[in-house]
There are 2 protein chains.
Amino acid sequence: MKKQLIKHEQCHMRDKCLKYDICPMLQVQKIVAGKWKILILWYLSYSPLRFSDIKSKLPDVTQKMLTQQLRSLEEDNMIYRKVYPVVPPKVEYGLTDLGKKLIPILEMMHGFGAEYLVQELDKESSVD
Amino acid sequence: MKKQLIKHEQCHMRDKCLKYDICPMLQVQKIVAGKWKILILWYLSYSPLRFSDIKSKLPDVTQKMLTQQLRSLEEDNMIYRKVYPVVPPKVEYGLTDLGKKLIPILEMMHGFGAEYLVQELDKESSVD
DNA sequence: CACATTAGTTCCCTTTTGGGTACTATAATA
DNA sequence: TATTATAGTACCCAAAAGGGAACTAATGTG
């Protein structure tokens, strides 16, 4: 399965975009887009998890969607999928070496989110 | 317009999630989800831009989608919108103080994307 | 008067995402 | 022998997100 190339010449850091005429930011967007991917990566950054563990941490995701998102992350080589040949089935998901490089970014995002909640939700509750 | 609260108790760093019973990661996901938001924030991190400037940097986005995404980022207080009362219209978009706190994250994402392209695209071209 | 310009909006259509239910395999358990 | 458990898949339908093209407002220019 051939990956789609993403050309992008307007990147304001294109001189740092190495030898590819592709904006790295667009690549990141492709990887991380999707309603559950950031959350999945975040949970896996702590430790590998079974399918059912991830599902229980994401109460609103359906089995079908979770499978889809996991497959997509696997295709992008962000996570691995390890099947244990047991009954009932056991499948473990975890970050690849490449995926682990996202951890500091995820941690900063978490920090930002926390700060955001403080600023924005406090602002709202004081207005109400 | 009341923002939607996002409850989430399974966050593996919930003890650091301050006083809100809301996973910050989910909040971040809400803010940066959307096909163009990360790119828009990235471009604005360099300098404020006019609507038409952003559009020209995102050749594949339609006017409607760009407007939508900008409105959404504005609602989340990540960017500001400044209308100049001139003809033809001039509207400037830029990061808010809160939005500027995303810059280091965006820069790391860019770095990750660049690294990803090197590893994954080189791997592919050597297989082909 | 016609045209260009900018930042939109509106309408309609397609694609993606999501939701529900049913179905599968296999071994252990009751 | 029927049930349970896990990690899915298949199918069908509804909702949301996204895309394309046409339209608008207001003024300056030819």
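Overview of the structure. As the structure is a prediction and not an experimental result, all values here were calculated from the model.

1. Comments concerning the protein's contact with DNA strand C
Right, on to step 1. In the neighbourhood of DNA strand C, 20 residues make up the surrounding shell, with K35, K64 and M65 of chain A together with R81 and Y93 of chain B lying closest.
Right, on to step 2. Each atom of DNA strand C within 4 Å of the protein was assigned to sugar, phosphate or base; sugar and phosphate come to 59%.
Right, on to step 3. Between a sugar or linking oxygen of DNA strand C and a main-chain N or O atom of P89 of chain B, the distance comes to 2.7 Å.
Right, on to step 4. Y93 of chain B places a side-chain nitrogen or oxygen 2.6 Å from a phosphate oxygen of DNA strand C.
Right, on to step 5. Broken down by secondary-structure element, the contributors of at least two residues to the surface near DNA strand C are α4 (63-75) of chain A together with α3 (51-57), α4 (63-75) and β3 (90-95) of chain B.
Right, on to step 6. Looking at the surface near DNA strand C, the element that brings in the most residues is α4 of chain B, giving 4 residues.
Right, on to step 7. When its residues are assigned to classes, the surface near DNA strand C shows 8 nonpolar, 4 polar and 8 charged.

2. Examining α4 of chain B
Residues and elements named next belong to chain B.
Right, on to step 1. If you check α4, its first and last C-alpha atoms are 18 Å apart, about what 13 residues at 1.5 Å a residue would give, namely 18 Å.
Right, on to step 2. Considered for burial, the residues of α4 that qualify are L66, Q69, L70 and L73. With its buried residues spanning 100° around the axis, α4 presents them on a single face.
Right, on to step 3. Where α4 is buried, its residues contact α1 (24-32), α2 (37-44), α3, β2 (79-84) and β3.
Right, on to step 4. Looking at the residues trailing α4, positive phi occurs at N77, about 65°.

3. A look at the protein's contact with DNA strand D
Right, on to step 1. Residues in close proximity to DNA strand D total 20 residues, the closest being S52, R81, P89 and Y93 of chain A together with K64 of chain B.
Right, on to step 2. Those atoms of DNA strand D that come within 4 Å of the protein belong to sugar or phosphate at a rate of 70%.
Right, on to step 3. Within the contact set of DNA strand D, a base nitrogen lies 2.9 Å away from a side-chain nitrogen or oxygen of Q63 of chain A.
Right, on to step 4. It is α4 of chain A that provides the largest number of residues to the surface near DNA strand D, a total of 4 residues.
Right, on to step 5. The residue inventory of the surface near DNA strand D, partitioned by class, reads 8 nonpolar, 5 polar and 7 charged.

4. Here's the deal with the packing of aromatic side chains
Right, on to step 1. Across all of its chains, the model carries 2 aromatic pairs over all chains by this definition.
Right, on to step 2. Cation over ring: K90 of chain A sits above Y84 of chain A, and NZ or CZ is 4.7 Å from the ring centre.
Right, on to step 3. Lying over the aromatic face of Y43 of chain B, K57 of chain B brings its terminal NZ or CZ to 5.4 Å of the ring centre.

Cut-offs applied
- Residues numbered from 1 in each chain as written.
- Chains lettered and ligands numbered in written order.
- Predicted model: local features only at pLDDT ≥ 70, side-chain atom pairs only at ≥ 80, totals over all residues.
- Heavy atoms only, no water.
- Near = heavy atom within 4 Å.
- Polar contact = N/O pair within 3.5 Å; in protein donor to acceptor, adjacent residues only side chain to side chain.
- Helix = DSSP H or I, 4+ residues; strand = E, 2+ residues; numbered from the N terminus.
- Nonpolar A, V, L, I, M, F, W, Y, C, P; charged D, E, K, R; others polar.
- Expected span 1.5 Å × (residues − 1).
- Buried < 20%, exposed > 50% of the residue type's maximum accessible area, 1.4 Å probe, protein only.
- Arc of directions from axis to C-beta.
- Contact = heavy atoms within 4.5 Å.
- Phe/Tyr/Trp six-rings, centres within 6.5 Å; stacked < 30°, edge-to-face > 60°.
- Lys NZ or Arg CZ within 6 Å of the ring centre and 35° of its normal.

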